[in-house]
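Per-entry structural report
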Amino acid sequence: MLKVRQAIGISLGSISSSKLRSGLTTLGIIIGIAAVVANISLGESFSVLFEEEINAQGSNFIIVYSQEPNIFYANELEIIEQTPGISGVSPVKPQQGEVTYFSETKNIEIAGVTSDYLNTANISMEEGSFISDQDTFAAAIGSEVADEKFDRNISTRSTIDITFRLQGNRTVTRGFKVKGIIESPGVTVVGGGSIDRDVSIFVPVATINQMLEEDDYEYFFAMADSIDDIGQISDEVDERLARNFGVSSRDLDDEDAKPYRIFDQADILEQTNQLANTLRNFLVAVALISLLVGSIGIMNIMLVTVTERTREIGIMKAVGFSSTDVLVLFIVESIILSLFGGLLGLIVGIGGAYLVTNLLEMPFRYPHYVFEIGILVALIVGVAAGVYPANKAAKLAPVDALRHE
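What counts as what
Residues numbered from 1 in each chain as written. Predicted model: local features only at pLDDT ≥ 70, side-chain atom pairs only at ≥ 80, totals over all residues. Heavy atoms only, no water. Helix = DSSP H or I, 4+ residues; strand = E, 2+ residues; numbered from the N terminus. Buried < 20%, exposed > 50% of the residue type's maximum accessible area, 1.4 Å probe, protein only. Contact = heavy atoms within 4.5 Å. Areas by Shrake-Rupley, 256 points an atom, 1.4 Å probe, with all protein chains shown as cover. 1 Å grid on protein atoms, 1.4 Å probe; cavity = no way out; pocket = protein on both sides within 12 Å on 5 of 7 lines; lining within 4 Å. Points joined across faces, edges and corners; volume = space filled by probe spheres on them. Nonpolar A, V, L, I, M, F, W, Y, C, P; charged D, E, K, R; others polar. pLDDT = per-residue confidence, 0-100. Core = buried A, V, L, I, M, F, W, Y, C linked by side-chain atoms within 4.5 Å. Phe/Tyr/Trp six-rings, centres within 6.5 Å; stacked < 30°, edge-to-face > 60°. Salt bridge = Lys/Arg side-chain N within 4 Å of Asp/Glu carboxyl O. Axes fitted to C-alpha atoms, helices over the stretch in contact; angles between N-to-C directions. Parallel < 35°, antiparallel > 145°, perpendicular 65-115°, else oblique. Left-handed = near helix turned anticlockwise from the far one by under 90°.

**Notes on the overall build of the protein chain**
- Per the secondary structure count, the protein chain includes 12 helices and 10 strands.
- Burial status across the protein chain gives 46% buried among its 405 residues.
- Restricting the contact set of the protein chain to residue pairs at least 6 apart, pairs at least 24 apart contribute 79%.
- Within the structure as shown, the protein chain displays about 20,000 Å² of accessible surface, and the carbon and sulfur contribution to it stands at 54%.

**As for the layout of surface pockets**
- Space inside the largest pocket adds up to approximately 210 Å³.
- In terms of lining residues, the largest pocket is bounded by 13 residues, among which Ser 234, Asp 235, Asp 238, Asp 253 and Ile 262 are the most central.
- If you list the elements that add at least two residues to the lining of the largest pocket, you get helix 7 (230-244), strand 10 (260-264) and helix 8 (265-308).
- The dominant element in the lining of the largest pocket, judged by the number of residues it contributes, is helix 7, at 5 residues.
- Across the lining of the largest pocket, the residue classes break down as 3 nonpolar, 2 polar and 8 charged.
- Here the second largest pocket is characterised by a volume of approximately 160 Å³.
- Surrounding the second largest pocket, Ser 66, Glu 68, Pro 69, Asn 70, Lys 93, Pro 94, Gln 95, Glu 214, Asp 216, Tyr 217 and Glu 218 form its lining.
- If you tally residues by element for the lining of the second largest pocket, the top one is strand 2 (residues 86-101), at 3 residues.
- For the lining of the second largest pocket, a count of residues per class yields 3 nonpolar, 3 polar and 5 charged.

**A closer look at the confidence of the model for the protein chain**
- In this model, the protein chain carries an average pLDDT of 83, and 87% of its residues clear a pLDDT of 70 or more.
- Taken together, the stretch residues 187-192 has pLDDT below 50 and engages in 20 contacts with residues farther than four places along the chain or on a different chain.

**Structural notes on the nonpolar core**
- Of all hydrophobic cores here, the largest spans 46 residues; its most connected members are Ile 62, Val 64, Ile 141, Ile 160, Ile 162 and Ile 201.
- The dominant element in this core, judged by the number of residues it contributes, is helix 7, at 5 residues.

**Points about the side chain of Ser 234**
- Here Ser 234 is to be found in helix 7.
- Leaving out residues up to four positions away in the same chain, Ser 234 has contacts with Ile 62, Ile 262 and Asp 264.

**Focus: the packing of aromatic side chains**
- Enumeration over the complete set of coordinates arrives at 13 aromatic pairs.
- Measuring from ring centre to ring centre gives 6.3 Å for Phe 72 and Phe 245, while their planes differ by 50 degrees; the resulting arrangement is tilted. You can see Phe 72 sitting in the loop between strand 1 (61-66) and helix 3 (74-81) and its partner Phe 245 sitting in the loop between helix 7 and strand 10, a full 173 residues away along the chain.
- Accessibility expressed as a relative area gives 25% for Phe 245, which makes it partly exposed.

**Observations concerning the side chain of Arg 261**
- Relative to the elements of secondary structure, Arg 261 occurs in strand 10.
- For Arg 261, a relative accessible area of 17% puts it in the buried group.

**Here's the deal with the pattern of salt bridges**
- Across all of its chains, the model carries 11 salt bridges by this definition.
- Lys 179 is paired through a salt bridge with Asp 135; the nearest N and O atoms lie 2.6 Å apart. Here Asp 135 lies in the loop between strand 4 (125-128) and strand 5 (138-141) and Lys 179 lies in strand 7 (residues 170-182), a separation of 44 residues in the sequence.
- Here Lys 258 makes a salt bridge to Glu 255, at a shortest N to O gap of 3.9 Å.

**Description of unusual backbone geometry**
- With a phi angle near 55 degrees, Asn 70 is a residue other than glycine that sits in the positive phi range.
- By the secondary structure assignment, Asn 70 is in the loop between strand 1 and helix 3.
- On the accessibility criterion, Asn 70 (49% relative accessible area) is partly exposed.
- The backbone phi angle of Phe 102 is positive, close to 50 degrees, even though this residue is not glycine.
- By secondary structure assignment, the location of Phe 102 is in the loop between strand 2 and strand 3 (104-113).

**Describing the packing of helix 3 against helix 7**
- Two elements in contact, helix 3 and helix 7, have axes separated by 9 Å at closest approach and are oriented at 150 degrees. On the basis of their axis angle, the class for helix 3 and helix 7 is roughly antiparallel. As for the relative orientation of helix 3 and helix 7, their crossing is right-handed in sense. From helix 3, Asn 75, Glu 76, Ile 79 and Ile 80 reach across to helix 7, where they touch Val 237, Arg 240, Leu 241 and Asn 244.

**Topic: helix 6 (residues 205-212)**
- A large share of helix 6 lies buried, amounting to 6 of its 8 residues.
- Residues of helix 6 that are buried: Val 205, Thr 207, Ile 208, Asn 209, Met 211 and Leu 212.
- Among the structural elements, strand 2, strand 3, strand 6 (159-166), strand 7 and strand 8 (200-204) are those in contact with the buried residues of helix 6.
- Glu 213 lies just past helix 6 and shows a positive phi near 60 degrees.

Pasting the structure below:
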């Protein structure tokens, strides 16, 4: 019986004697493994990116938004504030406005909020401070509004004019002192449900309602005490609001029966994780096709090798090598080629994923199990692709093999 060390030595000698053929054989495996590893890594990176974006929206947030106009007022705000487990809540009223600074006018989204929005939406200030509940005509502006929207940069203590268009072709304009500039979150975040904080201006919600001659809110942005209890707290808010709007408890699960929608951070994280998993599975499925092509390539080359080495096989059998020895030799050679290709594929795959994530400005992540997957898949491919050619070689009769030209 041929020893494993001898089989490896003979196989390495055979591989080194046909470097070009061996290189082309491993190329398919390199591409296949690299594609699998890169796509698993990209899937993880997308998952981390989605999670960072959601977490940057706010801390343990619960969003309640209206499905019908003019249904949220001070009463609904009080109901949410008094719900156990709610540590802060801000009504939100977004409105498109015309902002004038040094005779230059731009259309910018203005969001009416309260001071609680600073914590509930995880806002950090680059300069100055956020608006307080005692402020009237004060504003906190996004970093892009401050540095890019106008020819002149806006700084704290600057004054901007905000104009809203009312019914009857009327307009109302007020001057606002810039109290602070909001720090960019560093990821593409749509915070508070629909507000991109980089390109928005935040003012007291009471002031925006006064200017618009209204007293309602569009939605509420609340914060729960704990992410672990956020589902229960969200359900409690839902029950209290449902009673307020006359919705019976048996219709709580019927979204069409309620004039509002409610969702929380845990719900969104679950949805984004499902999306990331679906994307990762799709990418891996595509990569497996490349791996299948590579394994077929190895089998094809090994079959050609059997034909080329028919006389050599006959000599091996004539000098005492058994059919099992020949079988082992060819399988070992196939496994060595696959493992070598798998190792190179791991390096290429991780390097490729790193370059792509840098180009897309995504976090680079790769699970450690990709190393085990890469080696295991390469080993399986090597065995699977080598069995048939090896079996064909082992079955050759010595006399027929020696006569082969």
